[in-house]
Amino acid sequence: MTTLFSPIRLRDLEMPNRAWMSPMCTYSADPSPSAAGRPTDFHLAHYSARAAGGAGLVMVEATGVAPEGRISPFDLGIWDDSQTPDFARIASAIRTQGAVAGIQLAHAGRKASTGRPWEGGDWLSTEEYGWMPYGASPVAFPGGPVPHEMSREDIAAVVASFAEAARRALEAGFQVAEVHAAHGYLLHSFLSPIANQRTDEYGGDLAGRARLALEVIDAVRAVWPQDAPVFLRISTTDWVEENPEDSRESWTYEQSAQLTAWAGEHGVDLVDASSGGTDIVPIPHEEDYQTRYAARLRTDTTVPVAAVGRVKDVRRAAELLSNGEADAVFVGREMLRDPSWANHASRELGEAPRFLEQYAYAL
């Protein structure tokens, strides 16, 4: 029986358990031009603590593949070779504490250039280290500016920037690369008809709207080692189809299942199944509002799936695996609240925690 604390192997990489730290932005980079995008001592302590706390995989937060690909000026970025040594410290610290080091490569698209959430999260002007966002079409996210519609040349540059960012991440010592195609950011904005109104080869039907995501996967896979895994984070639904009062064409579960199948054919080893983010719409409040779609994906496709979203209870996390609803679980807010959530969960389930020897005497 698969358990939360049994290892999982993807390609030639083995994760020691299936309780993983979800990528979560901390908005803690220095926004000044000379330091932009670089991890700080905060990031080093933050990520190494969760690795020491027993997580099998620590996924570093959304990391911009270009300066304008950050969600905010306070986000991490890996668009320049000079940033690689700073990320190498993070990857080494995660591995040293016994976890696998992953990094989420991202472009924020039309949702870029915002302030920190606890400071209001408003769109920022150039005087506030902001910039003009890019998008699939000149369709603004609610409350935001109309983005610059990307040309074919812009699209090609983004694909190249994902490949270069993956190369730098590999040089820094990361073992897993995750392509971020969820939450209304650039790749999701191409996938969803809500944000993509193009009539060229990057719009229209599902194959057209998925073209950019698949090109990015191919570009990352081309530089990532064949024995190492590539993940894809998707939004399984825009939560529009589920609302009978909203008749717009949107991104749906059925399209996510097709994208997952295509992604597997293009070399993706696991889909990180999240949801929402293209528009401000009502979403359910049930505990399984998101994990139910992960469970469906695992049944409907052959690609391994990780569940994420409101995974608070240790026993529920364990059930997702023992019931065959997921292959792994990404834990977000609970690992912010408790850096040792994984070790505490393993003890609650009667498993052996992965305490560092420096801490073992305190047991």
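These remarks concern the structure in this document. (Residues numbered from 1 in each chain as written. Predicted model: local features only at pLDDT ≥ 70, side-chain atom pairs only at ≥ 80, totals over all residues. Heavy atoms only, no water.)

**Remarks on the overall build of the protein chain**
Along its length, the protein chain carries 12 helices and 13 strands. Taken over the C-alpha trace, the protein chain has a radius of gyration of 19 Å; the compact-globule value for 363 residues is 21 Å, and the two agree within 12%. Overall size of the protein chain, expressed as C-alpha extent along the three principal axes, is 60 × 45 × 40 Å. When the 363 residues of the protein chain are sorted by exposure, 60% land in the buried category. Once local pairs closer than 6 in sequence are excluded, the contacts in the protein chain between residues at least 24 apart make up 70%. Roughly 14,000 Å² of accessible area belongs to the protein chain as shown, and the carbon and sulfur atoms make up 50% of that amount. (Helix = DSSP H or I, 4+ residues; strand = E, 2+ residues; numbered from the N terminus. Rg over C-alpha atoms; globule rule 2.2 N^0.38 Å. Buried < 20%, exposed > 50% of the residue type's maximum accessible area, 1.4 Å probe, protein only. Contact = heavy atoms within 4.5 Å. Areas by Shrake-Rupley, 256 points an atom, 1.4 Å probe, with all protein chains shown as cover.)

**Digging into helix H3 (residues 152-172)**
The terminal C-alpha atoms of H3 lie 30 Å apart, and with 21 residues this matches the ideal 30 Å at 1.5 Å per residue to within 8%. Buried within H3 we find Ile 155, Val 158, Val 159, Ser 161, Phe 162, Ala 163, Ala 165, Ala 166, Arg 168, Ala 169 and Ala 172. If you follow the buried residues of H3, they end up packed against helix H2 (84-96), strand E6 (100-106), strand E9 (176-181), helix H4 (186-191) and helix H6 (211-223). Phi turns positive, to about 105°, at Gly 173, one or two residues after H3. (Expected span 1.5 Å × (residues − 1).)

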